[in-house]
Structures are given as structure tokens and as C-alpha cells.
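# Coordinate analysis (summary)
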Amino acid sequence: MDENSSSSSPLLPLHESSSSTLKSVLTVKNLFILSGPLLCSLICLFVKLDGGNMLGVLAWVFVWWLTEAVPMPITSMSPLFLFPLFGIASSDDVARSYMDDVISLVLGSFILALAVEHYNIHRRLALNITLVFCGGDPVNPQLLLLGICGTTAFVSMWMHNTPTTVMMMPVATGILQRLPSGEGFCKAVVLGVIYSATIGGMSTLTGTGVNLILVGMWKSYFPEADPLSFSTWFFFGFPMALLLFFALWAILCLAYCPRGSAHTLSAYLDRAHIKRELDLLGPMAFAEKMVLAVFSALIVLWMTRSITDDIPGWGSLFNDRVGDGTVSVMMATLLFIIPNKKQQGEKLMDWNKCKKLPWNIVLLLGAGLAIADGVRTSGVADVLARTLDFLGQTPYLAIAPTVCVISGFMTELITSNNATTTILVPLLIQIAKNMNVHPLLLMVPGAIGAQFAFLLPTATPSNVIGFTTGHIDVKDMLKTGLPLKLAGTLALAILMPTLGWSPCLCQPQNWTTLTEANPISIFLNTYIYIYIF
């Protein structure tokens, strides 16, 4: 009976198999996978613009990035085959973007960060910061968050955003180790680190490459004008960064640190327990001290490589051929040479400890740099320039906020703030000349707006680093980033006239050396002059 029934029954349920196969193919994820090349094809066929192929490839890559239909690291490698196939760039040119000086900077920084993590230095630093800023018992989450964000912003004033985030993120995650995953305070801390690194870099010329690009373009396009000095920028940038910093702190406290959160955190963090854990670490060993010494030397070399035109850094000794990536890799190499004095012949680092290198971030940065080069060379930049012609009809009081919003939108789509600035600022200079207004009225909002990359994880390397911790998602970034972007635009509009503290800018008659006097420029000059005095 059993044999007959088993022989008469089909081995495979044919009807169910075909339907299940159809269901397995028609999944949301597969639809997202198809939507990338489909949208690219539609744009390439029907959008008759210069750089249409580049726009199509951008659509393809960003759809896959935003939906994560294909793993982010694999999507990040797609320009390596899409750009040559669509005639945007040769394979060699695209491949160079994946080993740029910025990539070297990140690789060296990550190796140093792994050394910090291996020797538990980040935990020691995290416990010390927590002990100083946690307040009494129960723990004050708002005060602790202020301490973490303030430390990050201060460090970022003197070194670039990405290495600051690389250094501070292990500190932040070290504090969060005892907290349950998904806790609101965890989100606040990670968001606070990545955004504070961006905000701190705005306040000084050396804090971010964007400010240096702006100053360089100002000197290049207008050599007859007085240069923007370190102090001139600081009097403008520091108050704006300070306003934006407290806006960030307020947003994070309201969104993720409600009343009663102190009692929740006290179950995982209390002052006595933190003190005990710090004592258990004991005194610093030789290896820890050497890793800290190498990291400190790296920070000093970063800060002093190129300071200002008046005070050239040590990079001038090498004809400015060295970059931040050069220093980063050089100092990381020392970790494989200096002994750790724990075992005979053992160094501070070996390659086995480097297996945790986040290659997904490296590939993502390479994709961003490749896209930036593609936008510049494909003609898409010219298309963007034509779309900005409407600024000529913008009311003069709304010019700075409008430029800031446009730049802030562009920087979300390009993974390099420096690339956004390099593309946009020359266009703004030309538009300022056409409008007969002072170029800085457009250049500064364009450069500052390029740093307001608060919405997407792919917008800056710092965002990527925070996103890969697993504590935040895109919704968290939108929830915090959108009001922060609005606050930044408002702060820029209010403080923009304070850039006139420079003697060459606070006197309206000197502005006519750059622009012809007309009603609009006279109004703007008078407005800034009255605002200051």
C-alpha cells in the first residue's frame, strides 16, 4: 500500500514549483535591481543633454545605493565597468580614483584606528570621557552627549573630518558597548560624532579641504584682492559652527534623549562602575603609549603640513608633493616596525590584525571620487551651470540661503565635499560676475553648503563610517539631518555679513574693484557695511 502510494505520487509538485519560482523572481529586491539599469536606459535614450550617459549612470548607481538591492561595496565597484561601457572614462582613469590620496589617507587612518582598538586605547579614552561628562548618579545623558560631541568638534577644528571620525568613532562605540542595540542614546552618540566632525571643520581654514579650496580659488580668480586669512575666516566660521553645534545638540536631545532616559541609562552606566572598569585597565603599557605617540605625531603632521600662505607648513620642504595620505600611510607603517615589548620580535601591528579593515568604505570612497571626476569631465557640470542661471533673478537677501540650499543638495549626491566645491564654486564666480555682485556672496555659501552633507550615508566619508556601525539607518539621518540643514542655512544667512570683518571687505568702495557698481551691488555692500558697524 505504501509502495503504491509512494510510486503514484509525483516526486516534485510541478504546479507549486512554477508558482514559487515566479514568486522568487518577482521580489521587491529583484525589482530594485532591474530599476537601476532600466532608469539608466530611459535617461540615456530620452534625455538629450550633454552628459546624458553620466546622468543615467548616476541614476543607476544611486538607485542601487539607496535601495541596497545590491550590496553597497559591490555597487561601489560598478563605476569600474559602467564608466568605460558608457564612454564616460577609460578603465585606467576610473581605477585611479580608487587609489587616490584620500583613499591612502583612509587606509592609513583605519590601520591606526585598528591599533587603537586592539590595545583598548579607545576604551580607556571612552571611560575617561564618560567619567568626566556623565554628571552624578543617575547619569546625565544630555551632558554626556555634549561632552562627546564637543570633543569631536574640537578635534575636527585642527584635523580633517574623516580622520577625526575614524579616531572618535571607536571612542563612541566603546561608551555604547554596555548599552542594548537600538537604544536611542546610541543613535544620538553616533549621529553626534559624524555631524560634530563636519561642524568643527567649518570653523577653521585647516579644518576641512573645502575651506582651503575656497581660499585657493579666491586667490586664483582675484589675485588683486586681499587674501582670506586664518583670522578672518575664524571670526566668521567659529560663531557659525558654534550656533550649528548647539543646534545639533538640541536636536539630538529632543529626538533621542527624552525625559526619563537618565534612569534607563543608569541600568547600564553608573559612575562607580565606570570608575571600577577604568581601574581594571591598569596603567598604560609600552605598546599603548607608542600607539598614542604615533597617533599624536600623525595629528601634528596633518595639522602642520600646510597651514596658510603666510606660514607654509613642513610640506613646502618637499615642494608640496606630499599629501595627507602620504603621512597617514607612513605613520601606519611605523606600527609594523616598532616592537610592542610583549613578546620577542612582535611588533605593534601585524597583517593578521588588519583583516578587519573596512574595505566597503574604501570602495565607497573610490566610487564617490570616480563619480566626481565623471561629473566634471562628462559635461554634467555645464548642465548644472545652466540650471543656476535663475540666481540672477533671486532677491538679494535670499541669494546666500538659495546658494547654500543648492550646494547642500548637490553634496548629498557626490561623496566628496571637495569635489562639490570644485565643481560649483567656479560656476558661482561666473554667475556673480554676471550679476555684478561681490563673488564671496556666492562663493562662501556654496562652500559652506557643500559641507552640509547630513541626509545620506553616502554623502561624506564620515557619514559612511557612522552608518557602518549599525546603530543608525537612513531614517535616523533624515530625522536629524533635515532640521540641522535648515538650522545651518539660517545661521549662514545671519552670519554671512560678518565675513566683512576683513579690512578689505568691510569698506564698500573696495568692492568695486571686483564688481561694477549697480543698484544690486550697492544695496548688498551697504547692507553688509551697516550690519557690521
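## Details of the overall build of the protein
For the protein, the count of helices and strands is 27 helices and 0 strands. Residues classed as buried in the protein amount to 53% of the 533 residues present. Of the contacts formed within the protein by residues at least 6 apart in sequence, a portion of 77% connects residues at least 24 apart. As displayed, the protein has an accessible area near 24,100 Å², and 65% of this comes from carbon and sulfur atoms.

## Some thoughts on the confidence of the model for the protein
Looking at the protein as a whole, the pLDDT averages 77, with 80% of positions reaching at least 70. Within the protein, the lowest mean pLDDT, 37, falls on helix 27 (residues 519-532), and the highest, 93, falls on helix 6 (residues 79-85). Overall, residues 501-533 carries pLDDT values under 50, and its contacts beyond four positions in sequence, including any with other chains, amount to 57 contacts.

## Re the nonpolar core
Of all hydrophobic cores here, the largest spans 149 residues; its most connected members are Phe83, Leu145, Phe185, Leu335, Leu442 and Met443. Contact partners of Leu335, with chain neighbours within four places excluded, come to Ile111, Leu112, Ala115, Val291, Val294, Lys347, Leu348 and Met349.

## Concerning the state of the cysteines
Enumeration according to the criterion identifies 0 disulfides in this entry. No disulfide involves Cys40; its nearest neighbouring cysteine sulfur is the one of Cys44, lying 4.0 Å away. Overall, the relative accessible area of 1% leaves Cys40 in the buried class.

## Topic: the environment of Pro239
The residue Pro239 is located in helix 14 (residues 230-256) in this model. Between the C-alpha atoms of Pro239 and Leu492, which are 253 residues apart in sequence, the distance is 10.0 Å. If we skip the residues at most four places from it in the chain, Pro239 touches Phe234 and Leu495.

## Quick notes on helix 4 (residues 52-67)
Between its first and last C-alpha, helix 4 extends 23 Å over 16 residues, near the 22 Å set by a 1.5 Å rise per residue. The buried fraction of helix 4 amounts to 12 of the 16 residues, a majority that puts the element mostly inside the structure. For helix 4, the full list of buried residues reads Gly52, Met54, Gly56, Val57, Leu58, Ala59, Trp60, Val61, Phe62, Val63, Trp64 and Trp65. Positive backbone phi, approximately 55°, marks Glu68, located one or two places after helix 4.

## A short note on unusual backbone geometry
For Lys341, which is not glycine, the phi torsion reads 60° and is therefore positive. Among the secondary structure elements, Lys341 is positioned in the loop between helix 18 (324-334) and helix 19 (359-378). A residue is classified by how much of its surface remains accessible, and Lys341, at 63% relative accessible area, is exposed.

## Structural notes on the packing of aromatic side chains
This model, assessed by the stated rule, comprises 6 aromatic pairs. Following the ring pairs from residue to residue traces out a cluster consisting of Tyr195, Phe452 and Phe454. Above the face of the Phe286 ring, Lys341 is positioned so that its terminal group lies 4.4 Å from the ring centre. One Lys or Arg, Lys479, reaches over the ring of Tyr256 and ends 4.8 Å from the middle of that ring.

## Focus on the side chain of Asn211
Turning to its location among the elements, Asn211 is positioned in helix 13 (residues 209-221). Classification of Asn211 by relative accessible area gives buried; the value is 0%. Within the local environment of Asn211, its side chain forms a polar contact with the backbone oxygen of Gly201, the two atoms lying 3.4 Å apart. At a separation of 3.4 Å, a polar atom in the side chain of Asn211 contacts the main-chain carbonyl oxygen of Met202. Setting aside anything within four residues of it in sequence, one finds Asn211 in contact with Gly201, Met202, Thr204, Leu205, Trp233 and Gln451.

Thresholds, definitions, all that
- Residues numbered from 1 in each chain as written.
- Predicted model: local features only at pLDDT ≥ 70, side-chain atom pairs only at ≥ 80, totals over all residues.
- Heavy atoms only, no water.
- Helix = DSSP H or I, 4+ residues; strand = E, 2+ residues; numbered from the N terminus.
- Buried < 20%, exposed > 50% of the residue type's maximum accessible area, 1.4 Å probe, protein only.
- Contact = heavy atoms within 4.5 Å.
- Areas by Shrake-Rupley, 256 points an atom, 1.4 Å probe, with all protein chains shown as cover.
- pLDDT = per-residue confidence, 0-100.
- Core = buried A, V, L, I, M, F, W, Y, C linked by side-chain atoms within 4.5 Å.
- Disulfide = S-S within 2.5 Å.
- Expected span 1.5 Å × (residues − 1).
- Phe/Tyr/Trp six-rings, centres within 6.5 Å; stacked < 30°, edge-to-face > 60°.
- Lys NZ or Arg CZ within 6 Å of the ring centre and 35° of its normal.
- Polar contact = N/O pair within 3.5 Å; in protein donor to acceptor, adjacent residues only side chain to side chain.

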